[in-house]
Amino acid sequence: MADVAPTNPDTLIANGDPTPAIRVRDVVVGFGSKIILNGLSLDVRRGEVMGFVGGSGTGKSVLTRAILGLVPKRSGTIEAFGLDLAVLAQRERRAMERRWGVLFQHGALFSGLTVRQNIQVPMREYLSLSQGLMDELAMLKLDLVGLRPDAADKHPSELSGGMIKRVALARALALDPEILFLDEPTSGLDPIGAADFDELIATLQKTLGLTVFMVTHDLGSLYSICDRIAALAEGKVIATGTVADMLAIDHPWVRSYFHGARASQMMPPARLT
Amino acid sequence: MKAEPEVTSDRAGDALLVRLSGPWTIGGDRALEDAAAEIERAGERFGSAIIDLSDVTALDTAGAWVIDRARARLAGRGVAVDVRWANPRHQTLLEQAGWRPFEREKPARRGGVIGLLAGVGAGAVAVLRDFVRGVAFLGEVMTALARCARNPARLRPTSVVFHVEQFGFRAAPIIVLINFLVGCIVAQQGVFQLSRFGAATFVVDLIGILVLRELAVLLTSIMVAGRSGSAITAEVGSMKMREEIDALRVMGLDPVEVLILPRIIALVISLPLLTFLADMAAIFGGLLVTWGYGGLSPEIFMARLQSAISLNTFLVGLIKAPFMALVIGMIAAIEGLKTEGSAESLGRQVTASVVKAIFMVILIDGLFAMFFAAIDY
């Protein structure tokens, strides 16, 4: 970790470090003749919760996967903490991967391992902590995401959808990352569960000083926990800003999204002023 | 140089002042654990201690956990510990990720003789259950077949043809190749061993009877169990994992009829055809080796073969093939349907499917040998 620049969230937040946590410039991603992202640029500032919205199939998940290096980009640059991810050496790349945690849309828990072992996978791979401390940390992470200790010895197939998301979040947090990528964290949860999950993310974000990059469809999450929102359409970010900024944007998709029937119901009256 | 968590302690009157400095994060790895142990070691000789966090440069949940755990353990030994001068963010972390007991009952484990006996018992019951399940499943397959026979529109010819291509046509090259090689090996050994008794021409009888009655069908069945049985188990198993089988059921479709019957029918069609190819390949291999290595001309080989074998020698092998196919298909389907949620379980079922199918194929071959001997066929 020491080879990649200072990583102390305290000083970074205190000094208001101007380098964004993630900086995406003119990225083009396509599959075959189909261009998904066409010259997309985006900044995610340190310590903020960035909500990323867009219609289905516009490439929200593709951008996340491109940042994480799971999908190759055709051109453009992607930087994390000011380092260009394309030119990092293997060692630096691994150090970088320790600094982010990812919650996949369907959890992507290892089905052959118990919940506790799932959370310990990153610790086991990167560190040489004693088994006792790893067990305690895994239990602590479970407790932080609001699961009971008896879930620890279950296998993913024995868990409900909401529990899978929580365990996946606990695993994403295993190494205390600085950036948390969430791909539709509340999809498939009931409204109460989704609200709980939002609150959980907000609490963890404040406590741990995380930067959160969240792809979501959930208006509730956007209103309640996102500091800024970026809207994706036609392969580009068409607008960024707070919910209030979004309401003022005059783009057909953004208008119908934030002024639709569902959005009006979500709107707390106080926010309008 | 990588900064590490550090602990320095001083006496301050009756109390001990423990100063923590450096980054207390999970990146510290073992050093983090050692530093935490150091706090406990320093503290336990005193009546009270103050932990000073003002020089800590970074703290995360792991760091907060080990510090607070040290505090709790010292408190448990009667040392009053005060954690002070943490900055507000660290204070929140200490509160959120502070020490807490986790009670978790360990699963009861039976050891020794009782555990061994319990294991043996469970194994025996599992074998019995497997047998009952097999018979029940055979019943299900037969009822599905009967339904299709009464109403042929329910049969899925496209699926059957597709699987005949997968299990039969695409398996033909490898089956022909291995049987050709085995025919060659049997012939070589036959010529080599029998020539010592001056009975080299009997090699043709050896090849004809051994290959047609036993070897070709056995090798083909084993190959098909490994190649197609495993594929069926993996397909059915992953469909089970993704609730696709349940989806079929709630649509009023019988998974046995939709998925398993076409595959079993395809196997029952393919395996005899493959066995025939295997017979021919092995005899051809035998012919080439007896000619090249044993010096027996093809004309003599053919004449000898005609007198050595009769139609029933050939049929004995072929009759067994559909039964082998049925057993392979059924075991594959049963094991596939037993799959649970995890990737590990799928792997286990595929292994079990292939192992059980090969075992049963050999067992059935033995039973057939006894049966044909008894009826003198």
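None of the values given here were measured: they were computed from a predicted structure.

Draft legend 1. Quick peek at the environment of Ala321 of chain B. Residues and elements named next belong to chain B. Its place among the elements puts Ala321 in helix H11 (residues 311-337). Residue class for Ala321 comes out buried when judged on its relative accessible area of 0%. Spatially, the C-alpha atoms of Ala321 and Val125 are 30 Å apart, while their sequence positions differ by 196 residues. Excluding its chain neighbours within four sequence positions, the residues that come into contact with Ala321 are Val217, Leu271, Pro272 and Thr275.

Draft legend 2. Spatial organisation of the environment of Ala122 of chain B. Residues and elements named next belong to chain B. Within the element layout of this structure, Ala122 appears in helix H4 (residues 112-150). Note on Ala122: relative accessible area 47%, which makes it partly exposed. Remark: the alpha-carbon pair of Ala122 and Met324, spanning 202 residues in sequence, is separated by 28 Å.

Draft legend 3. Region of interest: the packing of H11 of chain B against helix H12 (residues 343-374) of chain B. Residue and element names in this part refer to chain B. Two elements in contact, H11 and H12, have axes separated by 9 Å at closest approach and are oriented at 150°. When the axes of H11 and H12 are compared, the pair comes out roughly antiparallel. Here H11 runs over H12; the crossing is right-handed. For the pair H11 and H12, contact is made by Val316, Ile319, Lys320, Phe323, Met324, Val327, Ile328, Ile331, Ala332 and Glu335 and by Gln349, Ala352, Ser353, Lys356, Ala357, Met360, Val361, Ile364, Asp365, Phe368 and Phe372, respectively.

Draft legend 4. Highlighting the sheet that holds strand E2 (residues 15-24) of chain B. Residues and elements named next belong to chain B. Taken in spatial order, the four strands make up an open sheet running E1-E2-E3-E4, and their pairing is mixed. This sheet does not close on itself; its edge strands, each paired only once, are strand E1 (6-12) and strand E4 (80-84). Across the sheet, the axes of successive neighbouring strands diverge by a mean angle of 20°, strand direction being ignored. Of the strand pairs in this sheet, E2 and strand E3 (residues 48-59) are connected by eight bridges, and their pairing is parallel. Following the sheet pairing, Ser21 is matched in E3 by Asp55. On top of the sheet, helix H3 (residues 88-96) reaches E3 and E4; it is set at about 115° to E3, its chief contact.

Draft legend 5. Region of interest: the pairing of strand E9 (residues 228-233) of chain A. All names here are of chain A. The buried fraction of E9 is high, at six of six residues. Residues Arg228, Ala230 and Leu232 point to one face of E9 and Ile229, Ala231 and Ala233 to the other, with burial holding for every one of them. Here strand E3 (residues 49-54) pairs with E9 via five bridges, running parallel. The partner of Gly54 across the bridge, within E9, is Leu232. Where E9 meets strand E10 (residues 236-241), five bridges bridge the pair, whose relative direction is antiparallel. Residue Ala230 lies in a different strand from E10, and its bridge partner there is Thr240. A loop of two residues connects E9 with E10, the two strands running antiparallel in sequence, and Glu234 in this loop sits at a positive phi of about 50°.

Draft legend 6. Looking closely at the packing of helix H5 (residues 157-167) of chain B against helix H7 (residues 203-241) of chain B. All names here are of chain B. The N-to-C vectors of H5 and H7 enclose an angle of 130°; their axes lie 10 Å apart at closest approach. The angle between H5 and H7 falls in the class oblique. Each of His163, Gln166 and Phe167 in H5 lies in contact with H7, whose residues at this interface are Arg227, Ser228, Ile232 and Glu235. Among the residues forming the contact of H5 with H7, the class breakdown is two nonpolar, three polar and two charged.

Draft legend 7. Here's a closer look at the interface of chain A and chain B. Taken together, the contact between chain A and chain B spans 32 residues of the former and 31 residues of the latter. Interface of chain A and chain B: buried area, both sides summed, is about 2,800 Å²; carbon and sulfur atoms make up 56% of it. For the pair chain A and chain B, the interface holds two salt bridges. Between Glu136 of chain A and Arg73 of chain B there is a salt bridge, with its nearest N and O atoms 3.9 Å apart.

Draft legend 8. Structural detail: the pairing of E1 of chain B. Residues and elements named next belong to chain B. Two elements, E1 and E2, share seven bridges in a ladder whose sense is antiparallel. The partner of Ser9 across the bridge, within E2, is Val18. As consecutive antiparallel partners, E1 and E2 are separated by two residues, and within that stretch Gly13 has a phi angle of approximately 70°, a positive value.

Draft legend 9. Region of the structure containing the nonpolar core. Leu137, Leu169 and Phe258 of chain A together with Leu20 and Trp24 of chain B are the most contacted members of the largest nonpolar core, which has 86 residues in total. No other element matches the eight residues that helix H5 (residues 131-144) of chain A contributes to this core. The next biggest cluster of nonpolar side chains, apart from the first, holds 67 residues, and it includes Val203, Leu212, Ala225 and Leu296 of chain B.

Draft legend 10. Main features of the sheet that holds E3 of chain A. Residues and elements named next belong to chain A. Sheet architecture is open: six strands sit in the order E6-E7-E8-E3-E9-E10, paired in mixed fashion. The open sheet has two free edges, formed respectively by strand E6 (100-103) and E10, since each of these has just one partner strand. Going across the sheet, the axis of each strand differs from the next one's by a mean of 15°, ignoring polarity. Where strand E7 (residues 179-183) meets strand E8 (residues 211-215), five bridges bridge the pair, whose relative direction is parallel. Looking at the pairing, Asp183 lines up with Val215 of E8.

Basis of the calculations
- Residues numbered from 1 in each chain as written.
- Chains lettered and ligands numbered in written order.
- Predicted model: local features only at pLDDT ≥ 70, side-chain atom pairs only at ≥ 80, totals over all residues.
- Heavy atoms only, no water.
- Helix = DSSP H or I, 4+ residues; strand = E, 2+ residues; numbered from the N terminus.
- Buried < 20%, exposed > 50% of the residue type's maximum accessible area, 1.4 Å probe, protein only.
- Contact = heavy atoms within 4.5 Å.
- Axes fitted to C-alpha atoms, helices over the stretch in contact; angles between N-to-C directions.
- Parallel < 35°, antiparallel > 145°, perpendicular 65-115°, else oblique.
- Left-handed = near helix turned anticlockwise from the far one by under 90°.
- Pairing = 2+ DSSP bridges.
- Nonpolar A, V, L, I, M, F, W, Y, C, P; charged D, E, K, R; others polar.
- Buried area = accessible area lost by both parts, 1.4 Å probe.
- Salt bridge = Lys/Arg side-chain N within 4 Å of Asp/Glu carboxyl O.
- Core = buried A, V, L, I, M, F, W, Y, C linked by side-chain atoms within 4.5 Å.

So, to be careful, I would describe these as geometric facts and stop short of saying anything about function.
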